[in-house]
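Tertiary structure, described
Spelled out, the chains give:
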Amino acid sequence: MTSGTGTATMPPQQPVTLDEHAAGKVVRVHVGAPVLVRLHSTYWSTPASSDPQILDPVGKGGSTPTGTCEPGAGCGVAAADFTARRTGTAHILAHRNSCGEAMPCRPGQGSYTVTLEIG
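Quick notes on the rules
- Residues numbered from 1 in each chain as written.
- Predicted model: local features only at pLDDT ≥ 70, side-chain atom pairs only at ≥ 80, totals over all residues.
- Heavy atoms only, no water.
- Buried < 20%, exposed > 50% of the residue type's maximum accessible area, 1.4 Å probe, protein only.
- Helix = DSSP H or I, 4+ residues; strand = E, 2+ residues; numbered from the N terminus.
- Pairing = 2+ DSSP bridges.
- Contact = heavy atoms within 4.5 Å.

Before going further, it helps to spend a moment on the pairing of strand β6 (residues 76-84). Within β6, eight of the nine residues are buried, leaving the element largely enclosed by the surrounding structure. Where strand β3 (residues 34-39) meets β6, six bridges bridge the pair, whose relative direction is antiparallel. Its bridge partner being in β6, L36 is matched across the sheet by D81. In this structure, strand β5 (residues 55-65) lies alongside β6, joined through eight bridges in antiparallel fashion. Paired with G62 across the strands is A79, a residue of β6.

The next point concerns the environment of T64. Looking at where T64 falls in the secondary structure, it is placed in strand β5. T64 sits in the partly exposed class, given a relative accessible area of 47%. Taking C-alpha positions, T64 is 6.5 Å from A78, a pair spaced 14 residues apart along the chain. Discounting residues that sit within four places of it in the chain, T64 has contacts with T42, G76 and V77.

In structure tokens form, the structure reads like this:
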């Protein structure tokens with residue numbers, strides 16, 4: 001869109017929301033885009049950026065229990081928000097040691113990685 005003065009007005013970037021289904025994938029986002037990560041268990045660590053100069057964390061993030069839940073079930077969300085600051089590649093990483101009350105994770109269930117290509 002352009003205004004009468006010849007300057008371009010760009011619409012705001014739509015947030016990109018990632019959850020467990022994005023694990024292991026490559027996601028392309030534009031510079032300036034908000035990236036929201038929501039992992040549906042409080043057993044996950046707070047999602048982190050591998051390169052904060054490219055994918056900048058916004059706020060602290062963390063885990064929030066939801067509703068009423070049996071003790072040890074991990075009901076809730078581990079969340080973090082980021083902004084894609086510049087072109088490049090960054091990874092969103094999280095881990096967990098437990099996949100339920102006193103239940104260790106099987107191979108492949110304990111780590112979360114998404115690759116973001118920002119351009």
